[in-house]
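Architecture and fold: a report
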Amino acid sequence: MWASYHFLADIPFVAPIASKEAGEIDLLWWFLSAVSLVMTLLIFVGVIGFAFKYRKRPGVDPVPVHGSNVLEITWSIIPFLVMLVMFWWGAQLFYASQNPPKEAEEVFVVGKQWMWKVQYPDGNREINALHVPIGKAVKLTMASEDVIHSFSIPALRVRHDVVPGHYDAIWFRATVPGHYRIFCTEYCGDRHSQMIGFVDVLDQASYNSWASGGTGGSLADQGKELFTQNGCSTCHLINEQGRCPILKGIYNKPVELTDGRTVIADDAYLRESILQPNAKIVKGFDANVMPNFQGQLSEENVIQLIAYIKSLSPTAAPTPTGSQPAAGPAKKPKAVIKEAAAPAAAVAQPPQQ
Ligand code: CUA
């Protein structure tokens, strides 16, 4: 009882502004509020004023009032223009919020009754905590292990439902160092209110020292281990054609399917192909070769595997970078040329087997 009292007392009623987007979204919010206030005042003053002006008076006969085109056009056009401004302004902010910049650092968040599990490309992991550097674009790729959750950081003005079965994403660029709350904003069971955490926005030096504290391999290294453990490596060979497609160089590239469609090998496609391999069969391959991993792998495992597959396409994915510390700058252009000529034959990344 007392604990929950303190917890509530800790929640500020006005969220701090800790990202560039937060200020922009607030400005739109103030504009909408101001327009609502002005309209409300106009309507109330009009109703009260006219009620008084045209009140029933003894000895005065009411005269019917007929329409006025000028009046009707005016009160149609002005609100229309104001609403167009709202639409244009809101659409701009919405579009920006849906399109993370290419260079955004990717962090993975898995929602589960009742916690947020966070994975970083360099292999660090946390629960109910997120660390981000100041001034850098950070993209959160989010999945749910059970029911619908909603990930929200009010101080950064980001919120998105996290729906089981696919990936959802948000991004932000934090501008003010601090310690801000993370909430689940979708009722997800009896301990929904405890599905909370903190995001720490750190300056670059503090972030680097925090990030270097981790042990163990990168996310891609963890994925590589799973890839071997689950027997994937016996059919998906690295440099030659096995029973299943070669995964080198496929990330974010078009893939031809047996049914004639072409899809992009993005995170969603890879996730589906790991969990339900028969959903989309690559042209030239047979169905029912690969077992279903639905229920065998957690969302965190799938994220690790995708990070590994991504690391096999170093030129396609600028992030995560944690997995290729050995890649010298001189080798990068070579990889680009080779991959353009023959994606499957690019061997410019020796650390990847
Ligand atoms: Cu998760 Cu509410």
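Before going into details, it helps to say that this report is about the structure given with it. What you see is a predicted model, and the numbers here were worked out from it, not measured in a lab. (Residues numbered from 1 in each chain as written. Predicted model: local features only at pLDDT ≥ 70, side-chain atom pairs only at ≥ 80, totals over all residues.)

**A closer look at the environment of Lys 280**
The topology assignment puts Lys 280 in the loop between α7 (267-275) and α8 (299-311). The residues contacting Lys 280, other than those within four sequence positions of it, are Leu 257, Val 263, Glu 272 and Ser 273. (Helix = DSSP H or I, 4+ residues; strand = E, 2+ residues; numbered from the N terminus. Contact = placed C-beta atoms within 7 Å.)

**Structural notes on the packing of helix α2 (residues 20-53) against helix α3 (residues 69-98)**
Contact pair α2 / α3: the axes reach a minimum separation of 11 Å and the direction vectors enclose 160°. Of the possible angle classes, the one that applies to α2 and α3 is roughly antiparallel. Judged by the sense of rotation from one axis to the other, the crossing of α2 with α3 is left-handed. Contacts between α2 and α3 involve Glu 21, Glu 24, Ile 25, Leu 28, Leu 32 and Val 35 from the former and Val 82, Met 86, Trp 89, Gly 90, Leu 93 and Ser 97 from the latter. Looking at the contact of α2 with α3 residue by residue, the classes come out as eight nonpolar, two polar and two charged. (Axes fitted to C-alpha atoms, helices over the stretch in contact; angles between N-to-C directions. Parallel < 35°, antiparallel > 145°, perpendicular 65-115°, else oblique. Left-handed = near helix turned anticlockwise from the far one by under 90°. Nonpolar A, V, L, I, M, F, W, Y, C, P; charged D, E, K, R; others polar.)

**Some thoughts on the sheet that holds strand β8 (residues 168-173)**
The sheet built from five strands is open, its strands ordered β3-β2-β1-β5-β8 with mixed pairing. One side of each edge strand has no neighbouring strand; the edge strands of this open sheet are β3 (125-127) and β8. Each strand of the sheet is rotated relative to its neighbour by a mean of 25°, with strand direction disregarded. Note: strand β1 (residues 105-112) against strand β2 (residues 115-119), five bridges, orientation antiparallel. In the sheet register, Val 110 faces β2, and the bridge partner there is Lys 117. (Pairing = 2+ DSSP bridges.)

**So, the sheet that holds strand β9 (residues 178-184)**
Hydrogen bonds along the backbone pair up the strands of a sheet, which may run parallel or antiparallel. If you walk across this open sheet you meet the five strands as β4-β10-β9-β6-β7, and the pairing is mixed. Pairing within the sheet leaves two strands with one partner each, and these edge strands are β4 (129-133) and β7 (158-162). Neighbour-to-neighbour, the strand axes of the sheet open up by a mean angle of 20°, direction not taken into account. Here five bridges tie β9 to strand β10 (residues 197-202), and the two strands are oriented antiparallel to one another. Bridge pairing in β10 links Tyr 180 to Val 199.

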